[in-house]
Amino acid sequence: MPLARRLLLGAMETAGVDPDISFDLCVALSEACANAVEHGGGGDCSEAYRVTAYLDGEKCRIEVADAGTGFPAGTRRAQARAAHADAEHGRGLCLIRELADHVHFANKPGRGGAVVSFDKILKWREGAPLMAV
Ligand SMILES: Nc1ncnc2c1ncn2[C@@H]1O[C@H](COP(=O)(O)OP(=O)(O)O)[C@@H](O)[C@H]1O
Ligand SMILES: [Mg+2]
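Our subject in this report is the structure included herewith. (Residues numbered from 1 in each chain as written. Chains lettered and ligands numbered in written order. Predicted model: local features only at pLDDT ≥ 70, side-chain atom pairs only at ≥ 80, totals over all residues. Heavy atoms only, no water.)

Here we take up the packing of aromatic side chains. In this structure the tally under the stated criterion is 1 aromatic pair. A ring pair is formed by F71 and F105, whose centres lie 5.7 Å apart and whose planes are at 75°; its orientation type is edge-to-face. Placement of the pair is F71 in the loop between β2 (59-66) and α3 (75-80) and F105 in strand β3 (residues 102-107), with a sequence separation of 34 residues. F105 matches F71 in its accessibility class, with the two residues each being buried. (Phe/Tyr/Trp six-rings, centres within 6.5 Å; stacked < 30°, edge-to-face > 60°. Helix = DSSP H or I, 4+ residues; strand = E, 2+ residues; numbered from the N terminus. Buried < 20%, exposed > 50% of the residue type's maximum accessible area, 1.4 Å probe, protein only.)

Counting buried positions along strand β4 (residues 114-121) gives 7 out of 8 residues, so the element sits mostly inside the fold. For β2 and β4, the ladder comprises 7 bridges, and the chain directions are antiparallel. If you follow C60 over to β4, its bridge partner there is K120. As paired elements, β3 and β4 share 6 bridges and run antiparallel to each other. Bridge pairing in β4 links N107 to A114. Adjacent in sequence and paired antiparallel, β3 and β4 are bridged by 6 residues, among which G110 carries a positive phi angle near 85°. (Pairing = 2+ DSSP bridges.)

The next subject is the site of ligand 1. Around ligand 1, 14 residues are found, and the nearest of them are N35, H39, D66, G90 and L93. Residue D66 places a side-chain N or O atom 2.7 Å away from a nitrogen atom belonging to ligand 1. Here L93 contributes a backbone N or O atom positioned 2.8 Å from an oxygen atom of ligand 1. Protein chains bury 85% of the 540 Å² of accessible surface belonging to ligand 1 in isolation. Every element with two or more residues in the shell around ligand 1 is listed here: α2 (19-38) and α4 (91-99). Counting residues per element, the shell around ligand 1 draws most heavily on α4, which supplies 3 residues. (Near = heavy atom within 4 Å. Polar contact = N/O pair within 3.5 Å; in protein donor to acceptor, adjacent residues only side chain to side chain. Areas by Shrake-Rupley, 256 points an atom, 1.4 Å probe, with all protein chains shown as cover.)

Both strand β1 (residues 49-55) and β2 contribute to a ladder of 7 bridges, which runs antiparallel. Paired with A53 across the strands is I62, a residue of β2.

Quick reminder: α-helices carry 3.6 residues per turn. Residues three or four places apart thus point the same way. An ideal rise of 1.5 Å per residue puts 28 Å on 20 residues; α2 measures up with 28 Å between its terminal C-alpha atoms. Turning to α2, the residues buried within the fold contact α1 (2-15), β1, β2, α4 and β4. Capping of α2 at its N-terminal end is provided by D18; its side-chain oxygen lies 2.8 Å from the backbone amide nitrogen of D20. (Expected span 1.5 Å × (residues − 1). Contact = heavy atoms within 4.5 Å.)

In structure tokens:
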């Protein structure tokens, strides 16, 4: 997880993304990875989880897929209700929702596993290399 975060930060730094945006995406990524480890561990750890980041110029989309049991039925409905601010659980998904522009939770058909993807419109630092593209 630290590696994924560092790679993401590095890529966005190189691309000249506004640090506030990079930070939000990193926090969201950390929560998604924490969930993949905590809830998506699966039994035998034969496959951990996969992080994919798409930097497509105007927005960044990040996908975290694990090989666990997937979201339990009702999670998404539960997430539709706002979690209590002091609740011990259920903050991760809310945080991702707050920090990203769009969030999508799904279970992989077939072998199972959860897929969380989220995206955010990027802003650029002054003089960023990709700004003019
Ligand atoms: N990768 C995942 N695989 C299966 N279930 C998940 C996954 N991520 C989240 N969940 C479910 O969604 C719930 C809410 O997640 P979250 O908001 O991060 O709270 P917490 O991790 O504190 O339980 C979890 O308790 C779990 O039931
Ligand atoms: Mg969590």
